[in-house]
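Chain residues, written in single-letter form:
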Amino acid sequence: MPITLTLTENVLPAGQEAVAASKITEAFLKHHGLSGNTVMTPNVTTHVVLIAKGHSFSGGKPVEGAWVETKTPSFALADHAVQAEFFGEATQILHDLSGGTLSKDRIWSNGVHAVDGTWNMSGKALTNAAIGEAISAG
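Everything in this summary refers to the structure shown in the same document. (Residues numbered from 1 in each chain as written. Predicted model: local features only at pLDDT ≥ 70, side-chain atom pairs only at ≥ 80, totals over all residues. Heavy atoms only, no water.)

1. Some details on the overall build of the protein
What counts, and what does not: Helix and strand labels come from DSSP, where a helix needs a run of H or I of at least four residues and a strand needs a run of E of at least two; each type is numbered from the N terminus. The reference for a compact globule is 2.2 Å times residues^0.38; the radius of gyration itself is calculated from the C-alpha atoms. Accessible area is worked out with a 1.4 Å probe on protein chains only. A residue is then buried under 20% of its type maximum, exposed over 50%, and partly exposed in between.
Of regular secondary structure, the protein possesses three helices and eight strands. Secondary structure elements in the protein, listed N-terminal to C-terminal, are β-α-β-β-β-β-α-β-β-β-α. Computed over the C-alpha atoms, the radius of gyration of the protein is 16 Å, within 12% of the 14 Å expected from 2.2 N^0.38 for a compact globule of 138 residues. Seen through its principal axes, the protein has C-alpha atoms that stretch 45 × 30 × 25 Å. Burial analysis of the protein (138 residues in total) assigns 37% to the buried set.

2. Quick look at the packing of aromatic side chains
The test is simple: To pair, rings of Phe, Tyr and Trp, with the six-membered ring standing in for Trp, must have centres within 6.5 Å; the planes then decide the type, stacked if under 30 degrees apart, edge-to-face if over 60, and tilted in the middle.
Enumeration according to the criterion identifies three aromatic pairs in this entry. Considering the side-chain rings of F28 and F86, the 5.5 Å spacing of their centres and the 85 degrees angle between planes classify their relative orientation as edge-to-face. Of the two residues, F28 sits in helix α1 (residues 16–31) while F86 sits in helix α2 (residues 80–97), which places them 58 residues apart along the sequence. This pair shows no difference in class: F28 is buried, exactly as F86 is. Cluster of aromatic residues (ring-pair linked, three or more members): F28, F86 and F87.

3. So, the pairing of strand β6 (residues 107–113)
On any regular strand, side chains alternate: one points to one face of the sheet, the next to the other face. Applied cut-off: Between any two strands, pairing holds if DSSP finds at least two bridges. Looking down the strands as they point away from you, a crossover is right-handed if its path from the first strand over the helix to the second goes clockwise.
Taken together, the seven bridges between strand β5 (residues 66–72) and β6 define a ladder with parallel strand orientation. From the neighbouring strand, W67 faces β6, where its bridge partner is W108. Crossover β5 to β6 through α2 is right-handed.

4. What about the packing of α1 against α2?
The description of two helices packed together rests on the angle between their axes and the distance between the axes. Defined as follows: To get an axis, a line is fitted to the C-alpha atoms, and for a helix only the part in contact is used. The angle between two axes follows their N-to-C directions and goes from 0 to 180 degrees. Each angle receives one of four descriptions, namely roughly parallel if under 35 degrees, roughly antiparallel if over 145, roughly perpendicular if within 65 to 115, and oblique otherwise. Each crossing gets its handedness from the near helix: less than a right angle anticlockwise from the far helix is left-handed, clockwise is right-handed. Any two residues having at least one pair of non-hydrogen atoms within 4.5 Å are treated as being in contact. Any residue that is not Ala, Val, Leu, Ile, Met, Phe, Trp, Tyr, Cys, Pro, Asp, Glu, Lys or Arg is counted as polar, Gly included; the first ten are nonpolar and the last four charged.
Two elements in contact, α1 and α2, have axes separated by 10 Å at closest approach and are oriented at 160 degrees. When the interaxial angle is binned, α1 and α2 end up roughly antiparallel. In the packing of α1 onto α2, the handedness of the crossing is right-handed. Where α1 abuts α2, its residues Q16, V19, A20, K23, I24, A27, F28, K30 and H31 lie against V82, E85, F86, E89, A90, I93, L94 and L97. Its residues placed into classes, the contact of α1 with α2 shows eleven nonpolar, two polar and four charged.

5. Things to note about the nonpolar core
The cut-off we apply is this: What we call a nonpolar core is a set of buried Ala, Val, Leu, Ile, Met, Phe, Trp, Tyr and Cys residues that are connected through their side-chain atoms within 4.5 Å.
I24, F28, M40, F86 and L94 are the most contacted members of the largest nonpolar core, which totals 33 residues. Those elements that place two or more of their residues in this core are β1 (3–8), α1, β5, α2, β7 (119–121) and α3 (128–137). Among the elements that line this core, the one with the most residues is α2, at seven residues.

It is worth stressing that arrangement in space is one thing and function is another; only the former is reported here.
The following block contains the structure:
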């Protein structure tokens, strides 16, 4: 379940990108009751994209910011309370790691759901039911 963390360069101090990726992954697992699950933990992946200053925009104007996007099966982030808690915590993590210089109104997020049956883990396309079975076994 990839999480894409996109940052304008230098909105976080150097080296904090990896800390952000780790903390946001932990938050995703926690808010789904999957902390330590042997199947899901290695399948929640994060990649960081750094954008040069002057190449990110809000309302058509240059902005320094951060964006968090998840791509998940439809059962993940399906409950509004989980959405609010996870994305709220991800926002707080980025704000804190910036030392408070990245304001929360410059941190955007969204979630995208995959079509059932198109989720691949260990080289196999799995349905939501198959993922659920794997999670329960893990």
